[in-house]
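# A look at the structure
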Amino acid sequence: MSQSAVDVPPKGGFSFDLCKRNDMLTQKGLKAPSFLKTGTTIVGLIFKDGVILGADTRATEGPIVADKNCEKIHYMAPNIYCCGAGTAADTEAVTDMVSSQLRLHRYQTGRDSRVITALTLLKKHLFSYQGHVSAALVLGGVDITGPHLHTIYPHGSTDTLPFATMGSGSLAAMSVFEAKYKEGLTRDEGIKLVAEAICSGIFNDLGSGSNVDICVITKGNKEYLRNYMEPNPRTYVSSKGYSFTKKTEVLLTKITPLLERVEITEVGEAMEE
Amino acid sequence: MSIFEYNGSAVVAMVGKNCFAIASDRRLGVQLQTIATDFQRISKIHDHLFIGLSGLATDVQTLYQRLVFRHKLYQLREERDMKPETFASLVSAILYEKRFGPFLCQPVIAGLGDDNKPFICTMDSIGAKELAKDFVVSGTASESLYGACEAMFKPDMEAEELFETISQALLSSVDRDCLSGWGGHVYVVTPNEVKERILKGRMD
């Protein structure tokens, strides 16, 4: 413990020094914590000019909705986006990490990233942790070789598909795709189909809910339509709000005035040659 | 019994108009026995950034010490305070580092960013950030807190009204939770001052 406190920043990767203590607590009868999961419906499909990704926006903690409007479509590269299902911390960490690696790779090669590069980096990481990093991903993008769509499972296996769904609502969404997908969809048809698939996940799966996010990626262009559809608005909102008849009783008040924030503008001379 | 129910806690943060409020209960217990009634769960990182930690009390204190250490190093290197968004990413990274043997606590971070825009976020014990525009809750009383805040929150409240709302939400929620309560500790932060108040609640 003292070593890692001094050795800042730590070398990276996971640190296992609290595992023994947590095991001891579990043996004493205290249950381990539950993590934030993204119940989720995530989908992707390939249309005439590129790829469309879609996701719902509900994050759950057990049976409780922790976040009603979270973002599940993560940025990987200007031409590649990734939807994540499973444990929220794992999907965020793994997509952030691979996004950084892709950027470094772009600087080194001087070329735009390819979807297959992101795929290989993700599957190598997930396989090496044997499924304990619980991230199920739908990766899509358009690179020099064309549009690509892949699914990645927590244990590291991948599929390359024209349309894909993942998450607890994947069956509901897949039923819509299997019925209505055809090759060579236009942009509007594709968006409509993705929105329909996500909605079927939102309304039929309890782990998915709230709004629909859509991301359209074409050659040289991307459009992130955050909250494209909001089929679940809050119905009864009282405009007056809550009025409290009895005020809270305060025992002690301490006011600390803060110094005004001073903007320091550096006025210096340029370096001499 | 879950590990989070060992000590009991309740933390909530709310956003107002150019201000924010963060509140916690004050009980420290060992399962059903109350050990202390003045436990500090909310700590200051710098003038405009507060962090409230719920969960196992030992991890609350250790994690707080680690974060203060990292922030002081940042201040020495960058010669300025950390922005709330940056701090949230730092906390998330520190928690995710321990993914397979986590710190057993859930932080609530509240701060005033650039242009005095309030920022709040919470995380689960492995660092999954949850940014919200209205309120965030954490602790054993979180289910009641979700309900109370959902009903009582209004957008763009001024500091006094925000204080009243967050106090009422906190006290009514901890009344429904055996493991948290024994008063409340509320910080309301505006660009010019920090008002720290201790609330009288049911002492049971």
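Each remark here, short or long, concerns the structure printed above.
Residues numbered from 1 in each chain as written. Chains lettered and ligands numbered in written order. Predicted model: local features only at pLDDT ≥ 70, side-chain atom pairs only at ≥ 80, totals over all residues. Heavy atoms only, no water.

Across the sheet, 6 strands lie side by side as β14(A)-β12(B)-β11(B)-β2(B)-β1(B)-β10(B); this open sheet has antiparallel pairing. What marks the edges here is a single partner per strand, and that holds for β14 (250–257) of chain A together with β10 (135–139) of chain B. Across the sheet, the mean angle from the axis of one strand to that of its neighbour is 10°, orientation sign disregarded. In this sheet, strand β11 (residues 184–189) of chain B lies alongside strand β2 (residues 20–25) of chain B in antiparallel orientation, the contact comprising 6 bridges. Looking at the pairing, Ala23 of chain B lines up with Val186 of chain B of β11 of chain B. On the sheet, helix α3 (residues 142–152) of chain B packs against β1 (10–15) and β10 of chain B and is oriented at approximately 160° with respect to β10 of chain B. Where helix α4 (residues 159–174) of chain B meets the sheet, its contacts fall on β14 of chain A together with β1, β2, β11 and β12 (193–199) of chain B, and the angle it forms with β1 of chain B comes to roughly 155°. (Pairing = 2+ DSSP bridges. Helix = DSSP H or I, 4+ residues; strand = E, 2+ residues; numbered from the N terminus. Axes fitted to C-alpha atoms, helices over the stretch in contact; angles between N-to-C directions. Contact = heavy atoms within 4.5 Å.)

Attention now goes to the nonpolar core. By size, the foremost hydrophobic cluster in this structure holds 53 residues, and its most contacted members are Met76, Leu122, Leu137 and Leu139 of chain A together with Val12 and Met14 of chain B. The element best represented in this core is α4 of chain B, accounting for 8 residues. In contact with Val12 of chain B, other than residues within four places in its own chain, are Ala21, Ile22, Ala23, Val136, Val137, Leu145, Cys149, Ile166 and Leu170 of chain B. With 38 residues, the next largest nonpolar core counts Val176, Ile202, Ile214 and Ile217 of chain A among its residues. (Core = buried A, V, L, I, M, F, W, Y, C linked by side-chain atoms within 4.5 Å. Buried < 20%, exposed > 50% of the residue type's maximum accessible area, 1.4 Å probe, protein only.)

Residue and element names in this part refer to chain B. Considering all chains together, one arrives at 22 salt bridges over all chains under this definition. Residue Arg197 pairs with Glu160 through a salt bridge whose shortest N-O separation is 3.7 Å. Here Arg197 is found in strand β12, whereas its partner Glu160 is found in helix α4, with 37 residues between them in sequence. Taking relative accessible area as the criterion, Arg197 reaches 8% and is therefore assigned buried. (Salt bridge = Lys/Arg side-chain N within 4 Å of Asp/Glu carboxyl O.)

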